[in-house]
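Structural features, examined
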Amino acid sequence: MSFAENAAKLSQKMSQGLVENARELGFPGSSDSSAQYFDTSEEKMQNIKRQLDAKNDREKLDGLKRLIAMISKGRDVSEFFPDVVKNVVAQNIEVRKLVYIYLLRYAEQEPDLALLSINSFQKDLSDKNQIIRAMALRVMSGIRVPVISPIVLLGIKKCITDSSPYVRKAAAHAIPKCYSLDPMQKEALVEVVATLMKDRSTITLGSTLMAFNELCPTRFDLIHPCFRKLCSVVDDCDEWGQMAILGVLLRYGRNQFLNPNPNGYQISTLPVASSPASNRAFYSDSSESDSDDDDKPDVKTLHSIVKLDPDHDLLLKSCLPLFQSRNSGVVLAVARLFYHLAPAEEALKMGRPLLRLLRSHRELQYVVLANIAAMAKTRPYIFESYFQQFYAQSSEPVFIRDTKLAILTSIATEANSQMLLNELQQYSKSHNKDFVAASIQAIARCAIRVPSAADRCLRLLMKLLHSTNDLVVAESVLVVTRLLQSPSEDKKRSVMALAKLLETIKVPMARANILWLVGQHAEIFPKIGPDVLRQVVKNFTNEANVTKLQALTLSAKLVCLNPTHTTLDSLNQYVLNLARYDLNYDVRDRARFLRALTVPEQGQEKPGLGFLKSHAKKILLADTEPPVVEQDSPTEFTIGSLSLLAHQPLPGYEPLPDYPEEQPDPSVRDVQELEGWSGSRTIVMEKGFGSDSFDSRYRSGRAFSSASTALSGIEASGISSNNSYAIKKGNDYDLEAFYDESSEEEEEEEEESEEESEESEESGESEDDSEDDSEEDDNEETSSEEEQTLKQIRR
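Residues numbered from 1 in each chain as written. Predicted model: local features only at pLDDT ≥ 70, side-chain atom pairs only at ≥ 80, totals over all residues. Heavy atoms only, no water.

As for the overall build of the protein chain
Of regular secondary structure, the protein chain possesses 37 helices and 6 strands. A buried classification covers 44% of the 795 residues belonging to the protein chain. (Helix = DSSP H or I, 4+ residues; strand = E, 2+ residues; numbered from the N terminus. Buried < 20%, exposed > 50% of the residue type's maximum accessible area, 1.4 Å probe, protein only.)

Right, dumping it as structure tokens:
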């Protein structure tokens, strides 16, 4: 072997040794990147077991990361379950987290081996670290083995008395899991929920209400004692907790409070604003918002004033600040509460917050628009001032533009009808055929909703009949027949214009509508009907079924109006003979029925047929609906629910309860407040997330230390109750005034100390001066400690 080959082998061995040493020291090389965790070669799989059995935590962590990566790829790695369970007692918290994730994934497949780790979880419930205690309960409740449900229940009962709110929150999350494991434990779990309802930590209350929704959503007796507490702390909870609390309070309010709108709301008496508020800037100052409020309709004059229950009013006022939340789900939950529970004048406050959510991605935008469309059907006054915000844009997807069209037609009024029709006319020029059809249908709905704008809508639709787009013409015919449903002399030109288009229009539904309209007006326009029938009869066999049906009906109407006209009688006989052998059974049945009414029987007539023939004119020329297919309006569902978007009740959907006819007893909420509960926000101050140790607190100038002390929102901000009156503005506390107040007090103290020192110098009492100096030193030390504590709290 040559020297060069030996040198190459030696260098290769040295490089491999350096890479292994680098891995042990924690320096990943080029081949040891994050992609290694997705390497599933057999050689790597053999090394995982060795890494899990290693004494080094770094190697264990590396092996567990490989397993979690393979689980994310859908690969079954249950063969490593015995090796992973050994590491459940590892001291490294990162290793333990990955072990817990693995156990949650494969505990159901290996229930016997999973039970071996229960003892370690029970020990971890007494660990000094709150993260370990919470994680142990979380994994215990996540192991889907029904045998351990009593152990999980004991763990939950232990953790609800824990000093850490994070652990109590984990206990609240474990309640639905324990209930799904063993429904027989429901009564015991309900008692646990009742205990957690008394918790003063906002971290825990949201999760407790989630467990309440899953376990006993109708047990409103558990809400009575803590209703006012929930109202006062809802704005301090986390976002998901706020949504859970708002959902419970909505159902509670529908069950315990009277209907705030007993007389409903009359849209016809709604006063019209002088100018639309949408012309102003969307985000305006307070002065501008005041002017906007002046433009809004006075809803109080539309129904009798109802005196709300004080707790009902407290609920609405407590939820009002949540309209400014950054979470769209919270804003929608508050809007749902105001829509289903608030008086009509309070519902006006939903407009701007909901419009703010439209400045987001299109999925969220569609959800908000769908809920606004449902609200606008019953309370259009909420969004009438902001109708320009719902103008469709060419860059938006079709489902968003269609929803905006539904909203625009719902909030159409006499004041905005002209601008709205101009906008819809522009939409009819779009390249999207479905959007064009929806725009023309929206014009017809505006005419029906605002009768004073019906003539203008009809003129606009008649202009669209001359369009070069066949779809525009066809849809215009469909909606014009709806507007021309009742015959009148002043609509003669419109009917004649539609009759002339019969030769050019090829859409079956449009042709059928023209035939129906001519037949409906045949008595007023006797010369139009026969000519139209002559044109249709020439190509009867090639027409669509819906057109054939209307042609048969038109022929029968003309014969009833002119029974002695020989030409019409011949045309009628010819059409009936063609329809007699048609392939469609509906056409054959219609021809058989009309033949009995219009053609004389040879011989003896059947009994009762003569009576029908005598009333043939009333039967055929009765006021009937035109054959226009329209979508049915969806059934009303709770605002913010998934069933509202799906237009059908989904599994798990429960409608809101009706209002009670009589006011329930309000004294059930008059309970004595908990000790230390001031009705304000409660904040638990801790030192470090993973530690349960607390620093000393200062309340009202006195220092105290406790492991589970809850401070009110004012005290936690460093503001004592003695000087709170000096900085309070309405219901809020001015932080700048607090600092100004504290600085003024310091200046006064300095002035007093200077005056005292001058007096002591004049008196010449040296002994008293020394005593005063010692007292001042003590006071300075105490004040310095207080300042340090206040700085920590401010941070």
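Picking up where we left off.
Digging into the packing of helix 22 (residues 417-427) against helix 24 (residues 454-464)
Running from N to C, helix 22 and helix 24 point in directions that differ by 15°, and their axes come no closer than 11 Å. The angle between helix 22 and helix 24 falls in the class roughly parallel. Between helix 22 and helix 24 lies a crossing whose hand is right-handed. Across the interface between the two elements, Gln 418, Leu 421, Asn 422 and Gln 425 of helix 22 pack against Arg 456, Cys 457 and Leu 460 of helix 24. Each residue belonging to the contact of helix 22 with helix 24 can be placed in one class, and the counts come to 3 nonpolar, 3 polar and 1 charged. (Axes fitted to C-alpha atoms, helices over the stretch in contact; angles between N-to-C directions. Parallel < 35°, antiparallel > 145°, perpendicular 65-115°, else oblique. Left-handed = near helix turned anticlockwise from the far one by under 90°. Contact = heavy atoms within 4.5 Å. Nonpolar A, V, L, I, M, F, W, Y, C, P; charged D, E, K, R; others polar.)

Observations regarding the packing of aromatic side chains
By the definition in use, this model includes 13 aromatic pairs. Ring geometry for Phe 387 against Tyr 391: centres 6.1 Å apart, planes inclined by 70°, an arrangement best described as edge-to-face. The class of Phe 387 is buried, set by a relative accessible area of 2%. A residue is classified by how much of its surface remains accessible, and Tyr 391, at 18% relative accessible area, is buried. Aromatic side chains Tyr 427 and Phe 435 sit 5.3 Å apart centroid to centroid with 50° between the ring planes, which places their arrangement in the tilted category. Judged on exposure class, the residue Tyr 427 and its partner Phe 435 are both buried. An aromatic cluster of at least three residues, connected via ring pairs, comprises Phe 220, Phe 227, Tyr 252 and Phe 257. Lying over the aromatic face of Tyr 659, Arg 254 brings its terminal NZ or CZ to 4.3 Å of the ring centre. (Phe/Tyr/Trp six-rings, centres within 6.5 Å; stacked < 30°, edge-to-face > 60°. Lys NZ or Arg CZ within 6 Å of the ring centre and 35° of its normal.)

Some words on the nonpolar core
One broad rule of soluble globular proteins: the nonpolar side chains tend to lie buried together. One finds Leu 67, Ile 156, Leu 337, Met 350 and Phe 390 to be the most contacted residues of the largest nonpolar core, which totals 195 residues. Of all the elements, helix 17 (residues 328-341) adds the most residues to this core, at 10 residues. Here Leu 337 is in contact with Leu 246, Leu 249, Leu 250, Leu 315, Leu 316, Cys 319 and Ala 342, once residues within four sequence places are set aside. (Core = buried A, V, L, I, M, F, W, Y, C linked by side-chain atoms within 4.5 Å.)

Here's the deal with the pattern of salt bridges
Taken as a whole and judged by the stated rule, the model has 19 salt bridges. Among the ionic contacts, a cluster of salt bridges with common partners joins Arg 228, Asp 309, Asp 311, Arg 669 and Asp 670. (Salt bridge = Lys/Arg side-chain N within 4 Å of Asp/Glu carboxyl O.)

What to know about the environment of Asn 577
When you line up the elements, Asn 577 lands in helix 30 (residues 566-580). Separated by 11 residues in the primary sequence, Asn 577 and Arg 588 have C-alpha atoms spaced 9.7 Å apart. Within polar-contact distance, the side chain of Asn 577 engages the side chain of Arg 595 at 3.0 Å. (Polar contact = N/O pair within 3.5 Å; in protein donor to acceptor, adjacent residues only side chain to side chain.)

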